[in-house]
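Read off the chains here:
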Amino acid sequence: ILILDLVPAGMLVLSDLPSLAAVEVAAAVSNAHAAVVVLSEGSLDSREQLQVICSAVSANVPTVPVNTPNFKFPLAEFFSELPTKYGSQATDMEQRLQAFFKSISIAYTT
């Protein structure tokens, strides 16, 4: 969940918006006060979720990882597959994702 703005009804989160282009996501993330990233079973397969994480780390936006019960933290195999999936972006992605996963994650039990 990326808090984009506080509004009279609460807060605006990235998931409230329709699909955004990569440049729009990066801009939104860099302007955020913080990013709460909810990690679920398919999070590491989601290009958008990985983009939010990498953009937040790159922009030094404080992140709060929250893992759901079915989330499995990435193993070395996940990182070794990044070049196949993301080509020339893989090295930067790996550095940013590893930095993100060094943060303590909050367990959210449903």
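Structure: above.
Every value quoted in this text rests on a predicted model; they were computed, and no experiment measured them.

Thresholds applied
Residues numbered from 1 in each chain as written. Predicted model: local features only at pLDDT ≥ 70, side-chain atom pairs only at ≥ 80, totals over all residues. Heavy atoms only, no water. Core = buried A, V, L, I, M, F, W, Y, C linked by side-chain atoms within 4.5 Å. Buried < 20%, exposed > 50% of the residue type's maximum accessible area, 1.4 Å probe, protein only. Helix = DSSP H or I, 4+ residues; strand = E, 2+ residues; numbered from the N terminus. Contact = heavy atoms within 4.5 Å. Expected span 1.5 Å × (residues − 1). Pairing = 2+ DSSP bridges. Arc of directions from axis to C-beta. Phe/Tyr/Trp six-rings, centres within 6.5 Å; stacked < 30°, edge-to-face > 60°.

Engineer: Go over the nonpolar core, please, and point to the residues and values.
Structural biologist: Counting residues in each nonpolar core, the largest one holds 23 residues, and the members touching the most others are Leu39, Leu50, Phe78, Leu82 and Leu97. Among the elements of the structure, helix 1 (22-30), strand 3 (35-39), helix 2 (47-58), helix 3 (76-80), helix 4 (82-86) and helix 5 (90-100) are those that each provide at least two residues to this core. A total of five residues in this core trace back to one element, the largest contributor, which is helix 2. Leaving out residues up to four positions away in the same chain, Leu39 has contacts with Gln49, Ile53, Pro65, Val66, Asn67, Thr68, Phe71, Phe100, Phe101 and Ser105.

Engineer: Can you break down helix 2 residue by residue, with the values?
Structural biologist: Between the first and last C-alpha of helix 2 there are 16 Å, a value that for 12 residues agrees with the 16 Å anticipated at 1.5 Å per step. Looking only at helix 2, the buried set comprises Gln49, Leu50, Gln51, Val52, Ile53, Cys54, Ser55 and Ala56. Of the surrounding secondary structure, the elements contacted by the buried residues of helix 2 are helix 1, strand 3, strand 4 (63-67), helix 3, helix 4 and helix 5. Asn60 lies just past helix 2 and shows a positive phi near 55°.

Engineer: Mind laying out the pairing of strand 3, listing which residues take part and the relevant values?
Structural biologist: Covered by surrounding structure in strand 3 are Ala35, Val37 and Leu39 only, the residues Val36 and Val38 on the alternate face being uncovered. Relative to strand 4, strand 3 is paired through five bridges, and the arrangement is parallel. Along strand 4, the bridge assignment pairs Val36 with Val64.

Engineer: Give me helix 5: which residues, what numbers.
Structural biologist: The periodicity of an α-helix, 3.6 residues per turn, causes residues three or four positions apart to be oriented the same way. Ala90, Met93, Leu97 and Phe100 are the residues of helix 5 that are buried. The arc that holds every buried residue of helix 5, seen down its axis, measures 85°, which confines them to one face. Those residues of helix 5 that are exposed and aimed more than 90 degrees away from the buried face are Thr91 and Gln95. Close packing links the buried residues of helix 5 with strand 3, helix 2, strand 4, helix 3 and helix 4.

Engineer: If you had to explain the sheet that holds strand 4 to someone new, which residues and values would you point to?
Structural biologist: Taken in spatial order, the three strands of this open sheet run 3-4-5, and their pairing is parallel. The strands lining the two open edges of the sheet, one partner per strand, are strand 3 and strand 5 (106-107).

Engineer: Can you tell me about the packing of aromatic side chains, naming the residues and giving the values?
Structural biologist: Enumeration according to the criterion identifies five aromatic pairs in this entry. Aromatic side chains Phe71 and Phe73 sit 4.9 Å apart centroid to centroid with 85° between the ring planes, which places their arrangement in the edge-to-face category. A relative accessible area of 7% means that Phe71 is categorised as buried. An aromatic cluster is built from Phe71, Phe73, Phe100 and Phe101, whose rings are joined through pairwise contacts.

Interpretation note: all reported values are geometric properties and have no functional meaning in isolation.
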